[in-house]
Each structure stands twice: as C-alpha cells, then as structure tokens.
Amino acid sequence: GQQLNQSPQSMFIQEGEDVSMNCTSSSIFNTWLWYKQDPGEGPVLLIALYKAGELTSNGRLTAQFGITRKDSFLNISASIPSDVGIYFCAGQLGLGNEKLTFGTGTRLTIIP
Amino acid sequence: DAGITQSPRHKVTETGTPVTLRCHQTENHRYMYWYRQDPGHGLRLIHYSYGVKDTDKGEVSDGYSVSRSKTEDFLLTLESATSSQTSVYFCAISESRGHGNTIYFGEGSWLTVV
C-alpha cells in the first residue's frame, strides 16, 4: 500500500527547544493531517491542511502543506513537558477516497 | 471530542473465539473506520464504511468482518481470534470541515488474544 516516510523516528530535546518533523510521500495528497498520541489514548488531531502551500498554526504548533502535495512539515516552538508523545502525519486523497495513510510516527522525548 | 465511544475498552480472549468490538457515534457522520495500531506499523486501516450497509476493505482486512446496520454503530468482528490480532483497535469518523474532511479517533480498544 501507499507509504508515508516520517522523520525523524525519535527526538530527544531539552525543554524550550524548537522541534521540526516532516513527512514525505511518493504520491500526492489533497489533505494533510497531524496528530499527537499520548500513551493509552487515541490520536488527537492537531492541525489539518487542505491546500498546497498552506501554512497553519495552532498555538506553538505550525504545519505546512508542501507545494508539491507530496510532503508536509510540523514545527513546535519552545517545547514544554506536555509536548512529549508520538506525532503522526496522515495524508488523505479525498475526492471520494476518504481513507487516511499514516506515517510511522515521531516519538518526542524531553530531557530534563 | 467527536462523540465516538468504543466498547469494550479492554478485552482478553482465547484463540479461536469470536470477538466483536463496537464503535458508537452520536453525530450522524457518514464515514466510519476501523484501524489497528501495532509497534513498527503505525495505524493501518482494516475496514471502513461510507453509509449504512456500505462497507469496504482496508489494507489489513483478512480475518476481520464489519457491519453497519445503522448510522451510529460500526461493528468489527474477529470471527476466530488469533494471537496476531492482539492489538489496539481505533474507530474513527470523518467530519466535513470547510475545505475538506478531517478524521477523529476514538479512545481505542485494547485486545489481547491468548
């Protein structure tokens, strides 16, 4: 099936640092979604992107829909302890095909 | 919160027994999905539904069946559970938002097959 390459797989940072992660695809998507998952819980939607080139913010989080439609980026500024978790990107073709394809996740750890 | 409830939240069952997981939504969404999540594989689509009695397979549908007899409920059945079906199962719904659709997840059902 379709694959999304998400990187990095894991990150170890200090509180206050900025974080960047990205997803790339071999084919285009018309929607990109970013989720965060805490242990024992379901993925929670952070940001949804619907247009190539779109840049959207949600508090300290900013995500971009790549202009080629084959990639997306998530940045977290000034990280805090509650940012710890696994971040997933997901692409959706839409246009009647509503299935999501997920990246394998980026595990964010904050070093005391 | 997209009004999604999964049950049971945790279950331990024996190999060969049938198991049904239920997803209930309260907001009349047309699209519903079942995903499983495993280490190293991320979230993978099992089956999805685009309306009452309308379902289709995802990428890992073998060993699973689904039914949707009413809009609010989407059932996932393991006819004869195997150890490889030990996993966390997430139900999701698709909600239309302006320019496109957004998918929201339930809290998960942890299934252990022994």
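Scroll up for the structure.
Bear in mind the structure is a predicted one, so any value in this text is a computation, not a measurement. (Residues numbered from 1 in each chain as written. Chains lettered and ligands numbered in written order. Predicted model: local features only at pLDDT ≥ 70, side-chain atom pairs only at ≥ 80, totals over all residues. Heavy atoms only, no water.)

What about the overall build of chain B?
Let me state the cut-off plainly: Numbering goes from the N terminus for both helices and strands, where a helix is a DSSP run of H or I of at least four residues and a strand is a run of E of at least two. Using C-alpha atoms as the atom set, the radius of gyration is obtained and then compared with a globule rule of 2.2 Å times the number of residues to the power 0.38.
Along its length, chain B carries zero helices and eleven strands. The order of α-helices and β-strands along chain B, N terminus first, is β-β-β-β-β-β-β-β-β-β-β. Relative to the globule expectation of 13 Å for 114 residues, the C-alpha radius of gyration of chain B, 13 Å, shows essentially globular dimensions. Along the longest, intermediate and shortest principal axes, the C-alpha atoms of chain B span 45 × 30 × 25 Å.

Here we look at the interface of chain B and chain A
This is how it is decided: Every residue pair with non-hydrogen atoms within 4.5 Å of one another is taken to be in contact. One speaks of a salt bridge when a side-chain nitrogen belonging to Lys or Arg is within 4 Å of a carboxyl oxygen belonging to Asp or Glu. Throughout this description, a polar contact denotes any pair of N or O atoms lying within 3.5 Å of each other; where both atoms belong to protein, one of them has to be capable of donating a hydrogen while the other can accept it, and for residues adjacent in sequence the pair is counted only when both atoms sit in side chains. Amino acids are sorted into nonpolar (Ala, Val, Leu, Ile, Met, Phe, Trp, Tyr, Cys and Pro), charged (Asp, Glu, Lys and Arg) and polar (every other residue, Gly among them).
Facing 20 residues of chain B, the contacting portion of chain A comprises 18 residues. Joining chain B to chain A, the criterion identifies zero salt bridges. One can count four residue pairs in polar contact (both at pLDDT 80 or more) joining chain B with chain A. The biggest single contributor to the side of chain B that touches chain A is strand S10 (residues 100–105) of chain B, with six residues. Looking at the side of chain B that touches chain A residue by residue, the classes come out as eleven nonpolar, six polar and three charged.

Some details on the sheet that holds strand S1 (residues 4–7) of chain A
What links the strands of a sheet is backbone hydrogen bonding, and the strands pair in either a parallel or an antiparallel sense. Residue and element names in this part refer to chain A. Basically, it comes down to this: Paired strands, in this sense, are two strands between which DSSP finds at least two bridges. Angular values range over 0 to 180 degrees, each being the angle between N-to-C directions of two axes fitted as lines to C-alpha atoms, with helices fitted over their stretch in contact.
Taking strand neighbours across the sheet as the criterion, the five strands line up as S1-S3-S8-S7-S6 in an open arrangement whose pairing is antiparallel. Here the strands that pair on one side only, and so sit at the sheet edges, are S1 and strand S6 (55–58). Neighbour-to-neighbour, the strand axes of this sheet turn through a mean angle of 15°, independent of strand direction. Examined bridge by bridge, S1 and strand S3 (residues 19–25) share four bridges and lie antiparallel to one another. Looking at S3, one finds that Gln6 is bridged to Cys23.

Examining the layout of surface pockets
The cut-off we apply is this: In this analysis, the protein atoms alone were mapped onto a 1 Å grid. Cavities are point sets where a 1.4 Å probe fits without being able to get out; pockets are open sets with protein on both sides within 12 Å along at least five of seven lines; lining residues have an atom within 4 Å of a point. Grid points are joined across faces, edges and corners, and a volume is the space filled by probe spheres set on the points.
By volume, the largest pocket is sized at about 550 Å³. If you trace the largest pocket, you find 25 residues lining it, with Gln37(A), Ile86(A), Phe88(A), Arg107(A) and Gln37(B) closest to the centre. Elements with a contribution of two residues or more to the lining of the largest pocket: strand S9 (85–94) and strand S11 (106–111) of chain A together with strand S4 (32–38) and strand S9 (87–97) of chain B. Here the residues of the lining of the largest pocket are counted per class, giving nine nonpolar, twelve polar and four charged.

Notes on the pattern of salt bridges
Residue and element names in this part refer to chain B. Inclusion rule: Categorising residues by exposure relies on relative accessible area from a 1.4 Å probe, with only protein chains included: less than 20% of the type maximum marks a residue as buried, more than 50% marks it as exposed, and the intermediate range marks it as partly exposed.
In total, this model carries seven salt bridges over all chains according to the counting rule given. As a salt-bridge pair, Arg22 and Asp73 come within 3.1 Å of each other at their nearest N and O atoms. Of the two residues, Arg22 is situated in strand S3 (residues 19–25) and Asp73 in strand S8 (residues 73–78); the sequence distance between them amounts to 51 residues. For Arg22, a relative accessible area of 33% puts it in the partly exposed group. Measuring nitrogen to oxygen at the nearest pair gives 3.7 Å for the salt bridge that ties Lys70 to Asp73.

Brief notes about the state of the cysteines
To be explicit about the condition: Pairs of cysteine sulfur atoms within 2.5 Å are identified as disulfides in what follows.
Counting across every chain of the model gives two disulfides over all chains. Each sulfur in the disulfide pair Cys23(A) and Cys89(A) lies 1.6 Å from the other. For the disulfide bridge between Cys23(A) and Cys89(A), the dihedral angle about the S-S bond is near -75°, and by the sign convention the bridge is left-handed. A residue pair is termed long-range when its members are at least 10 positions apart, and Cys23(A) in strand S3 and Cys89(A) in strand S9 qualify at 66 residues. For the residue pair Cys23(A) and Cys89(A), the accessibility class agrees, reading buried in each case. Sulfur-sulfur distance for the disulfide between Cys23(B) and Cys91(B) comes to 1.8 Å. Taking the sign of the torsion about the S-S bond as the criterion, the disulfide between Cys23(B) and Cys91(B), at about -70°, is left-handed. Of this pair, Cys23(B) sits in strand S3 while Cys91(B) is found in strand S9, placing the two residues 68 residues apart along the sequence.

Examining the sheet that holds S8(B)
Residues and elements named next belong to chain B. Reading across the sheet, the four strands line up as S1-S3-S8-S7 and stay open at both edges, with antiparallel pairing between neighbours. The sheet is open, and its two borders are formed by strand S1 (4–7) and strand S7 (64–70), each paired with just one other strand. The mean inter-strand angle of the sheet, taken between neighbouring strand axes irrespective of direction, is 20°. Here S3 pairs with S8 via six bridges, running antiparallel. Residue pairing for S8: Cys23 is matched across the bridge by Phe74.

By themselves, these figures tell us nothing about what the structure is for.
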